[in-house]
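Secondary and tertiary structure notes
Chain by chain, the residues:
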2 protein chains.
Amino acid sequence: MIDLDFDKDPAGLLPAIVQDHGTGAVLMLAYINRESWQKTLETGKAHYWSRSRQQLWLKGESSGNVQLVKDILVDCDQDTVVFQVEQIGGAACHKGYASCFFRRVDGDDLVTLGKPVFDPDKVYGKK
Amino acid sequence: MIDLDFDKDPAGLLPAIVQDHGTGAVLMLAYINRESWQKTLETGKAHYWSRSRQQLWLKGESSGNVQLVKDILVDCDQDTVVFQVEQIGGAACHKGYASCFFRRVDGDDLVTLGKPVFDPDKVYGKK
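The notes below deal with the structure included here.

Cut-off values and rules
- Residues numbered from 1 in each chain as written.
- Chains lettered and ligands numbered in written order.
- Predicted model: local features only at pLDDT ≥ 70, side-chain atom pairs only at ≥ 80, totals over all residues.
- Heavy atoms only, no water.
- Buried < 20%, exposed > 50% of the residue type's maximum accessible area, 1.4 Å probe, protein only.
- Helix = DSSP H or I, 4+ residues; strand = E, 2+ residues; numbered from the N terminus.
- Arc of directions from axis to C-beta.
- Core = buried A, V, L, I, M, F, W, Y, C linked by side-chain atoms within 4.5 Å.
- Contact = heavy atoms within 4.5 Å.
- 1 Å grid on protein atoms, 1.4 Å probe; cavity = no way out; pocket = protein on both sides within 12 Å on 5 of 7 lines; lining within 4 Å.
- Points joined across faces, edges and corners; volume = space filled by probe spheres on them.
- Nonpolar A, V, L, I, M, F, W, Y, C, P; charged D, E, K, R; others polar.
- Buried area = accessible area lost by both parts, 1.4 Å probe.
- Salt bridge = Lys/Arg side-chain N within 4 Å of Asp/Glu carboxyl O.
- Polar contact = N/O pair within 3.5 Å; in protein donor to acceptor, adjacent residues only side chain to side chain.
- Least-squares fit on C-alpha atoms with pLDDT ≥ 70 in both.

In this section: helix α1 (residues 34-43) of chain A. Residues spaced three or four apart along an α-helix face the same direction, because each turn holds 3.6 residues. Taken residue by residue, α1(A) has A:S36, A:W37 and A:T40 as its buried positions. For α1(A), the angular spread of buried residues about the axis comes to 105°, placing them on one side.

Here is the structure:
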């Protein structure tokens, strides 16, 4: 199995950039530890480390919208990866947008691009 | 000026994903602090925080191959950005490749994609 430089970070976490394997759009960024890296390689489904919940996180475990990993790129320092994925359900963002990067900087404003694919209240339940 | 959630990280650093504004290829990932974010917005040239040198880093300051920032995307949590850039010189990676992500996982191997754009020894001097 390909190893990454997890020891570089005190918490053993490395960033994983998630890109749509078809369009090249950047969908999200999440963090992986050695366990989530192994799980991703073994299952072909993107696994991360949830920093807020401090636990292994199969993306889509609550919504069903998993990420099927089609290709993985590794950077020159072996401390960052790109997961090129098929996003089931069409939206990677918990706010319902295809990409977490649904806003662009326009001077002093953030302009929203596009519309949500789903209603977060319906998928995750109202909070 | 748009502010980001720099306080989320103990060191005040957030990841910046760098993407070719034409092709959508992910070129590199680097870290920004508030100062480098401000400098990037003010100058239109990508500035980062060098974790190894612990100083503000204008990408291309030694090679001349700066990154002209065409668009900036901000994520849902305001703790990650995408810089969509024109990479002067055609290569973002210090190893001479267009992208730092010049290898893909193929089973237990890393397969190199493409060829270097420049010879690092000629640009940075032999080490």
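Our next topic: the nonpolar core. Taken as a class, soluble globular proteins show a tendency for nonpolar side chains to be buried jointly. Core analysis: the largest hydrophobic core is formed by 70 residues, its most contacted members being A:I32, A:W37, A:F83, B:I32, B:W37 and B:F83. With sequence-adjacent residues up to four places away left out, B:F83 is seen in contact with B:A16, B:I17, B:V18, B:Q19, B:I32, B:W37, B:T40, B:A46, B:H47, B:Y48, B:D71 and B:I72.

Each pocket or cavity is described by its volume, and for the largest pocket that value is around 1,300 Å³. Taken together, 47 residues make up the lining of the largest pocket; nearest its centre are A:D79, B:L29, B:A30, B:Y31 and B:R51. With four residues, strand β2 (residues 26-32) of chain B is the single largest residue contributor to the lining of the largest pocket. For the lining of the largest pocket, the class distribution of residues is 23 nonpolar, nine polar and 15 charged. What the second largest pocket holds in volume is close to 720 Å³. Residue assignment for the lining of the second largest pocket shows that the elements contributing at least two residues are β2 (26-32) and β3 (47-50) of chain A. When residues of the lining of the second largest pocket are assigned to their parent elements, the largest contribution, four residues, is made by β2(A). Classifying every residue of the lining of the second largest pocket by side-chain character gives 12 nonpolar, seven polar and eight charged.

Attention now moves to the interface of chain A and chain B. Listed by partner, the interface residues are 40 residues for chain A and 40 residues for chain B. Three residues, A:C76, A:F101 and A:R103, lead the burial of chain A against chain B; their summed loss comes to 21% of the area buried on that side. The tally of links from chain A across to chain B stands at two salt bridges. Taking the shortest distance from any N to any O, the salt bridge between B:R104 and A:D71 comes out at 2.8 Å. Applying the counting rule to chain A against chain B returns 16 residue pairs in polar contact (both at pLDDT 80 or more). Secondary structure elements with two or more residues in the side of chain A that touches chain B: β1 (14-20), β2, α1, β5 (67-74), β6 (81-87), β7 (103-106) and β8 (109-112) of chain A. With four residues, the single largest contributor to the side of chain A that touches chain B is β5(A). Here the side of chain A that touches chain B is composed, by residue class, of 23 nonpolar, six polar and 11 charged.

Attention now goes to the relation of the copies chain A and chain B. When chain A is fitted to chain B, the residual RMSD is 0.0 Å, and the transformation amounts to a turn of 180° plus an axial shift of 0.0 Å. Within this description, the copies of the chain are treated as partners about a two-fold rotation axis. Nearest to the rotation axis, the C-alpha of A:G24 is located 2.8 Å from it, this being the minimum over chain A.

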